[in-house]
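What follows is each chain in one-letter form.
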Amino acid sequence: MTEALLSIEGLRTVFRSGMGEIAAVDGVSLSVPRGRTLGIVGESGCGKSMLSLSVMRLVPPPGRVAAGRVLLEGRDLLTLPKAEMRDVRGREVAMIFQEPMTSLNPVHSIGDQIMEAMRAHEPRAGAAELRDRAIAALARVRIPAPERRFTEYPHQLSGGMRQRVMIAMALACSPKLLIADEPTTALDVTVQAQILDLLRELQSETGMSIILITHDLGVVAEMADEVAVMYAGRVAERGPARAIFEDPQHPYTLGLLGSIPRLDEERETLLAIEGSVPPPFALPPGCRFAPRCPFAISPCNAAPPPLRDIADAHEAACIRAPIEASLALGNAA
Amino acid sequence: MLRYLIQRLLLAIPVMLGVLLIGFLLMQVVPTDPATVRAGPSATAEVVAEIRRDLGLDQPLTTQFGLYLWRLAQGDLGVSIINNVPVVQELGATIGPTLELMLSSLVWSIPLGILLGTLGAYYRGSLIDRGVMAISVAGVSVPVFFLGLILIWFVGFKWQWLPFTGRGGPLWTLEGLQSIALPAITLGGVFVGPVARMTRTAVLDVLSADHVRTARAKGLSERLVVLRHALRNAMVPVVTLIGLQIGFLLGGAVVTETVFTWPGVGRLAVGAITSSDFPMAQGTIIVLSLGFIIVNLIVDMLYAALDPRMRAA
Ligand SMILES: Nc1ncnc2c1ncn2[C@@H]1O[C@H](COP(=O)(O)OP(=O)(O)O)[C@@H](O)[C@H]1O
Ligand SMILES: [Mg+2]
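Bear in mind that the values here come from a model prediction, so they are computed numbers and not experimental data.

## Focus: the confidence of the model for chain A
Residue and element names in this part refer to chain A. Of the residues in chain A, 92% have a pLDDT of 70 or more, and the chain-wide mean is 89. The element-level mean pLDDT for chain A is lowest in helix H11 (residues 325–329), coming to 51, with strand E3 (residues 37–41) highest at 97. Long-range and interchain partners of residues 265–271, a stretch whose pLDDT sits below 50, account for 11 contacts in this model, where long-range means more than four residues apart.

Printed below as a string of structure tokens:
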């Protein structure tokens, strides 16, 4: 495996609340290889967005990053002076968001918003040059009639088109890493596929790395080289995409894959996991998944299990791993 | 955009008619009889009746209103009952000073309010923010006449820094500037607080919007984020809210003009009403309402100019 472009080490992002500090991200370590895609999956509320905002150092107050390192080519972003961090945003690490309808400013034209992203990092570029490059950026994300779109406003565009504009804007300064936080969740299925295709094409054109955040394993299967499964602020399992899909180890991953047999009904029924992610202020003392886990045994409730090597570059945070396929399909209890 | 404006203009017509009708009816229910006032205390009943006939006051109300509209359409607002001067002439002489007062009040108070509100939002929770909040609370709760009297007492009377009665001349003369200073500080002063408070709320609101997060993710400086992505967007609600304060501004102008004996429409209105000068009072009401409607149209236009979503409509 190539050297990592970005590595996150022991990242902990907390919110101070009436009940004391709660950790939305709790000791996450991950790495993103150069030119490849890391998929981060997990149900809503498990800390994916807070993780990505922590990398950008854009965690909204009262949240803050309490511990850890975020190394971009060896440089810790968390300790950079503010001005240097600003220069990293958009130029080295860019981000697109889940809400294409509201992520663009309604009062500025598409062109202005793209040019603004460029000007932030190249203050000396001339107006005509910026204009040409912004139109080229729109063309690059396959927006028809880019000259016309350049002067239009976000409300004149569909959701898919807006997400394309967001991508054009994010890539305006050729970042090394694109963080895409549920970029297609708000879009309908055909548009979703188009946007994912586009991201893949742009990646092969530019060689950028992508962190693709989603709650949809189908999206990950299609896009990711590496996969991290998150649960309640922690990494439950991580490894190469093939390994995760062909040989899932953590019961949560099994559940996401829909391969846990229902205990009370027909064995064949594929289903999602019952219950929901515990909120960060009501976490169980041991494994955070234990209350929902059909494989849980009493030691699971003692202490949170650390990530363990299962196979080459494949780790899972489960004391019962490796879970035999037969066990998964048969008598889980 | 053009369609929107035409629509607004058309909407203004029934509003104006309504204002005329209300102004007309209000004067009908006032207990004093204009003909008696005109005739003077020693006039005989016959003289009063004759004056009443002259003024058309013996006609039915609907006829009087129709007559009134007809004359109005020809630019004839009647003659002052008190001094026989045409109402239009008096209004023409007072509109200028009132516009002067309004402009010189708003030209500093709105930018200052917006600046303070933005600072408060930018440094939310800090000492600066609390200072801004204190200023705006004070500004909201001090009545116009009180601020005016305080200024007159100290700046005008005790320290004798600035004149406090009448208008010294046109704005471009030193006397004009000196004489408008205290009235403009008074009328503008009560406006700073509300504008600051509205701006602060609106900017804070926008700062938590998704597109602001995008702007930060692009690597923009915090100053650009606040100016281009928070304040610029906050201007849409702020302009609307300022528009809603027009009535407050007009009322404030009436009080300010009265306190500083500023020769404007507001003072004319107060004088006309207290002396039962029926045509004159109506004339001032029409002008003040027209002002209200025109400022509303300006706000609508600004609103459309600030929000691209409105331009298409
Ligand atoms: N402003 C906040 N105050 C307190 N807790 C928050 C706040 N924002 C997010 N969180 C917590 O952080 C957790 C992770 O949220 P998030 O990263 O948005 O999840 P995901 O993106 O995976 O759906 C949530 O469970 C939530 O409780
Ligand atoms: Mg999220």
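## Considerations on a nonpolar patch on the surface
All names here are of chain B. A contiguous nonpolar patch, built from Leu-112, Leu-115, Leu-119, Tyr-122, Tyr-123 and Ile-128 and spanning about 480 Å² of accessible area, is present on the exposed surface. With 4 residues, helix H5 (residues 87–122) is the largest single contributor of residues to the nonpolar patch. By the element assignment, Tyr-123 lies in the loop between H5 and helix H6 (127–141).

## Details of the packing of helix H9 (residues 210–217) of chain B against helix H10 (residues 222–244) of chain B
All names here are of chain B. Contact geometry for H9 and H10: axes closest at 10 Å, N-to-C directions at 155°. Put simply, H9 runs roughly antiparallel to H10. The handedness of the crossing between H9 and H10 is right-handed. Here His-211, Val-212, Ala-215 and Arg-216 of H9 lie close against H10, whose contacting residues are Glu-222, Val-225, His-229 and Asn-233. Here the contact of H9 with H10 is built from residues that sort into 3 nonpolar, 3 polar and 2 charged.

## Comments concerning the domain arrangement of chain B
All names here are of chain B. Assigned domains of chain B: these are domain 1 (2–73) and domain 2 (91–311). Computed from C-alpha atoms alone, the centre-to-centre distance between domain 1 and domain 2 is 32 Å. Opposite the 19 residues of domain 1 that make contact, domain 2 presents 17 residues. For the pair domain 1 and domain 2, the summed buried area comes to about 1500 Å², and 78% of that belongs to carbon and sulfur atoms. At the junction of domain 1 and domain 2, the tally comes to 1 salt bridge. Applying the counting rule to domain 1 against domain 2 returns 2 residue pairs in polar contact (both at pLDDT 80 or more).

## Topic: H5 of chain B
A rise of 1.5 Å per residue sets the reference length of H5 of chain B, with its 36 residues, at 52 Å; its end C-alpha atoms lie 50 Å apart and thus fit the reference within 8%. For H5 of chain B, the principal kink sits at Leu-106 of chain B and spans about 25°.

## What to know about the interface of chain A and chain B
With 26 residues of chain A at the interface, the matching set in chain B holds 20 residues. Both sides together, the interface formed by chain A and chain B hides about 2100 Å², and carbon and sulfur atoms give 57% of it. At the junction of chain A and chain B, the tally comes to 3 salt bridges. Note that Lys-218 of chain B is salt-bridged to Glu-116 of chain A, the shortest N-O span being 2.8 Å. Among the elements that make up the side of chain A that touches chain B, the one with the highest residue count is helix H3 (residues 110–121) of chain A (6 residues).

Definitions and limits used
Numbering of residues begins from 1 in every chain and follows the order in which that chain's sequence is written. Here chains are named by letter from A upward and ligands by number from 1 upward, in the order in which they appear as written. Per-residue local features are limited, in this predicted model, to residues with pLDDT of at least 70; the limit for side-chain atom pairs, both in listing and counting, is 80 or more; totals at the level of whole chains, interfaces and linings are taken over all residues. Only heavy atoms go into the side-chain values, all of them from the structure, while hydrogens and water stay out. The quantity known as pLDDT measures the predictor's confidence residue by residue, on a range of 0 to 100. The helix and strand labels rest on DSSP assignments: H or I over at least four residues marks a helix, E over at least two residues marks a strand, and numbering proceeds from the N terminus. In what follows, a contact means two residues having at least one pair of non-hydrogen atoms within 4.5 Å. Note on patches: the residues involved have over 30% relative accessible area and no salt bridge, like charges join within 9 Å, and the nonpolar side chains Val, Leu, Ile, Met, Phe, Trp and Tyr join within 5 Å. Computed by Shrake-Rupley with a 1.4 Å probe, the accessible areas treat only the displayed protein chains as cover when residues are assessed. The salt bridge criterion pairs a side-chain nitrogen of Lys or Arg with a carboxyl oxygen of Asp or Glu, the two atoms within 4 Å. Axes here mean lines fitted to C-alpha atoms, for a helix over just the part in contact, with angles spanning 0 to 180 degrees between N-to-C directions. Any angle from 65 to 115 degrees is called roughly perpendicular, while one under 35 is roughly parallel, one over 145 is roughly antiparallel, and all others are oblique. For a crossing to be left-handed, the near helix must be turned anticlockwise from the far one by less than a right angle; the clockwise case is right-handed. Residues were grouped as follows: Ala, Val, Leu, Ile, Met, Phe, Trp, Tyr, Cys and Pro as nonpolar; Asp, Glu, Lys and Arg as charged; and all remaining residues, including Gly, as polar. All domain edges in this entry derive from an automatic or database-based domain assignment. Buried area: the sum, over both parts, of the accessible surface (1.4 Å probe) that disappears when the two are put together. Here a polar contact means two N or O atoms within 3.5 Å. Within protein one must be a hydrogen donor candidate and the other an acceptor candidate, and residues neighboring in sequence count only if both atoms are side-chain atoms. Expected span of a helix, by definition, is 1.5 Å for each gap between consecutive residues, and there is one gap fewer than residues. One fitted axis covers the seven residues ending at a residue, a second covers the seven starting there, and the bend at that residue is the angle between these axes.

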